[in-house]
Amino acid sequence: MAGFADSLRSIWKIEELRKRIIYTLGILVVYRVGAYVPLPGIDAAELTSAFAQGDPNNLFGFFNLFVGGAFLQAGVFALGIMPYITASIIIQLLGAAVPYFQKLQREGEEGRRKITQLTRYGTAGITMLQSIGYSLFLWGTVPSAIVIPQGFFMISTVIVLTAGTMFVMWLGERITESGIGNGISLIITVGIIAFLPQAFVNEIRQQSENFFLIIFELGVLVVITAFVVLMTQGTRRIPVQYAKRVVGRKVYGGTTQYLPVRVNAAGVMPIIFAQSIMFVPGTIAQFAPNNELMQRFGALFLDFTSWGYSIIFFFVCVFFTYFYTAIAVNPKEMADTMKRQGGFIPGIRPGKQTSEFIDSILTRVTLPGSLFIGFAAILPAFAVQLGLTQTQQFAQFFGGTSLLIMVGVTLDTLKQVESHLLMRHYDGFMKSGRMRGRNR
C-alpha cells in the first residue's frame, strides 16, 4: 500500500502527466454530461417512466450499457462511439481486400491520415442510418414521450445524433492526442463503469437474504478477473540472438534477448468490434417493422442470454481476434527489422524463414487467446442461465464484454502512466548525474 501511495504522489508531482490526467478526466466528464441531455422534442419524465418497465435483457439494454445509459434516456450521445467502431471495422476489412486501401496502409503517415479521414466520413454516414432507425424505434415504442410531429422529430434526431457522435469521436481523439490512454476505449469504458455501482446495489437488494451468495459471486468475479488479466498479459517469448558488431571503438550485440508475442496481441479491440457487429442486425430490423422475416432475423440478436446469440457471438469474437491480430502484428516487418539489427532466432535462417516461424508461433499462441476471449464474452449468458446472478445488469459484469473491456483498457492506460514515470525517472537521473561528455 505504501508503494501504491508513493506512485500516486509521483504521478501528481510530474507536471506533464498531471495535466494529461486532469485533461482526460475533464473530457470524460463532458461526455457523461451529454448522456443526460435529452433530444429535442422528448419528454424526459415520460420516457423514463416508459422504459422503467422495459426488459434490460435485450439488445437495447445491452447497447445502453455501452453508451452509459444515454440510449434509453434519448440523450444527444445516445449512439455513443459505436458508429465510429463500425466504420473502423469496415475500413479495416476493405484494407484486407481492396487494393486502394492496401496502398494507403503502405503510405505511412500520409496514408494513415487519409484512412482516418475516410473513417470519419464513414462514421457520419453510419450514424445517420442508425439515427433514422433510432427515431423509428422511439416513435414506435414510446410515442407518448414525443411532443413534436414525427417528421420534424426524425429530422432533428438525425441531425443532433450525428453531431453528437461526431463530437464524441472528436473527444476521443483529443484524449488520445493530449490526454492519457486510448480515447475511444476510455469513452466506452467510462460508460460501462457508470452502470457498475447501480448494478451491484440492485444485486445486493435481490440477494439481501443470502449474504454468503453475494460473497460467492464476488469471489467468482475476482477469479474471472484474474484469469482475464492473466490472458491479457500472457506472452510467448521467442529467443533472439544478436551477433557482435564493432562500431568505432565500441562493441555491440553478442547478447540474447526475447521477442514477446502476446497471447492476446489484439488487445481489447476484437471484443469491441465483435460487439459492434452484433448490434447491426437489430438496427437493420428497425427499418422494416412490418417485415416478419426481418423481425425474426433481428430477434435472434435481441436477447444476449440466448444460446443462439451466444454461439454466434463466440465465433465472431474468435474471428475478430485472428483478424485484428493479423492487422496489428506483421511478422514480415518484424523479421526484416530483426535482420537489419543483426538479430536472428537460433536455428532459424533470417528473412523469409524467420517471418514464417514468427507467423506460425503467432497463429498457435492466438488460438487459446481467441477461445478464451470468446468464452469470457458469453459468460454472462451462462451466469443468467445457471441462476448465478439475480439481476441482468450485474450479469453483464460477470465476465463478458464489459469485464474484458474494463480490464484491457485499464491495463493499457496504466502502462502509459508507467511509461511516463519511467521517462521522468531517466530524465531526472541523466540531468542530475555527472555523465561523461556532459556539459557542466
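Because the structure is predicted, anything quoted here is derived from the model rather than measured.

Colleague: Help me understand the overall build of the protein chain in this model?
Modeller: Scanning the protein chain from terminus to terminus reveals 19 helices and five strands. Relative to its full complement of 440 residues, the protein chain shows a buried share of 45%. Nonlocal contacts in the protein chain, meaning residues at least 24 apart in sequence, comprise 72% of its contacts between residues at least 6 apart. Only carbon and sulfur atoms are counted for the fraction: they give 63% of the accessible area of the protein chain, which is about 23,200 Å².

Colleague: Any chance you could explain a nonpolar patch on the surface here in plain terms?
Modeller: On the surface, Val 29, Val 33 and Val 37 cluster together to form a nonpolar patch covering roughly 240 Å² of accessible area. Inspection of the secondary structure assignment puts Val 33 in helix 2 (residues 15-34).

Colleague: Can you help me understand the nonpolar core in this one?
Modeller: Within soluble globular proteins, side chains that are nonpolar tend to cluster in buried spots. Ranked by size, the top nonpolar core spans 83 residues in total, and within it Leu 138 and Ile 271 carry the most contacts. For this core, the element with the highest residue contribution is helix 14 (residues 307-328), accounting for nine residues. Formed by 13 residues, the second largest nonpolar core is a distinct cluster that contains Ile 238, Met 338, Leu 362 and Val 365.

Colleague: How do you make sense of helix 2 when you look at a structure like this?
Modeller: For the α-helix, the turn length of 3.6 residues means that residues three or four positions removed from each other point alike. An ideal rise of 1.5 Å per residue puts 28 Å on 20 residues; helix 2 measures up with 29 Å between its terminal C-alpha atoms. Within helix 2, burial applies to Leu 17, Thr 24, Ile 27, Leu 28, Tyr 31, Arg 32 and Gly 34. The arc enclosing the buried residues of helix 2, seen along the axis, measures out at 155°, which places them on a common side. Seen from the open side of helix 2, the exposed residues pointing more than 90 degrees away from its buried face are Lys 19, Leu 25, Val 29 and Val 33.

Colleague: Quick question: what am I supposed to make of the sheet that holds strand 1 (residues 235-242) here?
Modeller: Sheets are built from strands that pair by backbone hydrogen bonding, the pairs being arranged parallel or antiparallel. Ordered in space as 4-1-5, the three strands form an open sheet in which the pairing is antiparallel. Single-partner strands in this sheet number two, and they are strand 4 (256-262) and strand 5 (343-344).

Colleague: I'm lost on the confidence of the model for the protein chain in this one. Help?
Modeller: Close inspection of predicted coordinates is inappropriate for parts of the model with low pLDDT. Looking at the protein chain, the pLDDT average stands at 78 and 85% of residues meet or exceed 70. Averaged pLDDT values for the elements of the protein chain fall to 61 in strand 2 (residues 245-247) and rise to 90 in helix 8 (residues 150-178). In the model, residues 426-440 has pLDDT below 50 throughout and makes five contacts with residues more than four positions away in sequence or in other chains.

Colleague: Help me understand the pattern of salt bridges, please; the structure alone is not making it clear to me.
Modeller: Think of it this way: side chains of opposite charge can pair up when their charged atoms draw near. Within this structure, the stated rule accounts for six salt bridges. Of the charged contacts, one joins Arg 120 and Glu 173 as a salt bridge, the two residues approaching to 3.1 Å between their closest N and O atoms. Of this pair, Arg 120 sits in helix 7 (residues 109-141) while Glu 173 sits in helix 8, placing them 53 residues apart in sequence. Ionic pairing is found between Arg 174 and Glu 177, a salt bridge with its closest N-O pair at 2.4 Å. Taken together, the residues Arg 174 and Glu 177, both in helix 8 and three residues apart, mark about one turn of the helix. Of the residues examined, Glu 177 reaches a relative accessible area of 52% and is grouped as exposed.

Colleague: So what exactly am I meant to see when it comes to the packing of helix 15 (residues 331-340) against helix 16 (residues 352-377) here?
Modeller: The description of two packed helices rests on the angle between their axes and on the distance between the axes. Look at helix 15 against helix 16: their axes get within 8 Å of each other, and the N-to-C directions meet at 130°. Regarding the angle of helix 15 to helix 16, the classification is oblique. In terms of crossing hand, the pair formed by helix 15 and helix 16 is right-handed. Note on element contacts: helix 16 touches helix 15 through Thr 354, Ser 355, Ile 358 and Asp 359, opposite Pro 331, Lys 332, Met 334, Ala 335 and Met 338. Grouping the amino acids of the contact of helix 15 with helix 16 by side-chain chemistry returns five nonpolar, two polar and two charged.

Reading guide: rules and limits
- Residues numbered from 1 in each chain as written.
- Predicted model: local features only at pLDDT ≥ 70, side-chain atom pairs only at ≥ 80, totals over all residues.
- Heavy atoms only, no water.
- Helix = DSSP H or I, 4+ residues; strand = E, 2+ residues; numbered from the N terminus.
- Buried < 20%, exposed > 50% of the residue type's maximum accessible area, 1.4 Å probe, protein only.
- Contact = heavy atoms within 4.5 Å.
- Areas by Shrake-Rupley, 256 points an atom, 1.4 Å probe, with all protein chains shown as cover.
- Patch = residues over 30% accessible without salt bridge, like charges linked within 9 Å, V, L, I, M, F, W, Y side chains within 5 Å.
- Salt bridge = Lys/Arg side-chain N within 4 Å of Asp/Glu carboxyl O.
- Core = buried A, V, L, I, M, F, W, Y, C linked by side-chain atoms within 4.5 Å.
- Expected span 1.5 Å × (residues − 1).
- Arc of directions from axis to C-beta.
- Pairing = 2+ DSSP bridges.
- pLDDT = per-residue confidence, 0-100.
- Axes fitted to C-alpha atoms, helices over the stretch in contact; angles between N-to-C directions.
- Parallel < 35°, antiparallel > 145°, perpendicular 65-115°, else oblique.
- Left-handed = near helix turned anticlockwise from the far one by under 90°.
- Nonpolar A, V, L, I, M, F, W, Y, C, P; charged D, E, K, R; others polar.

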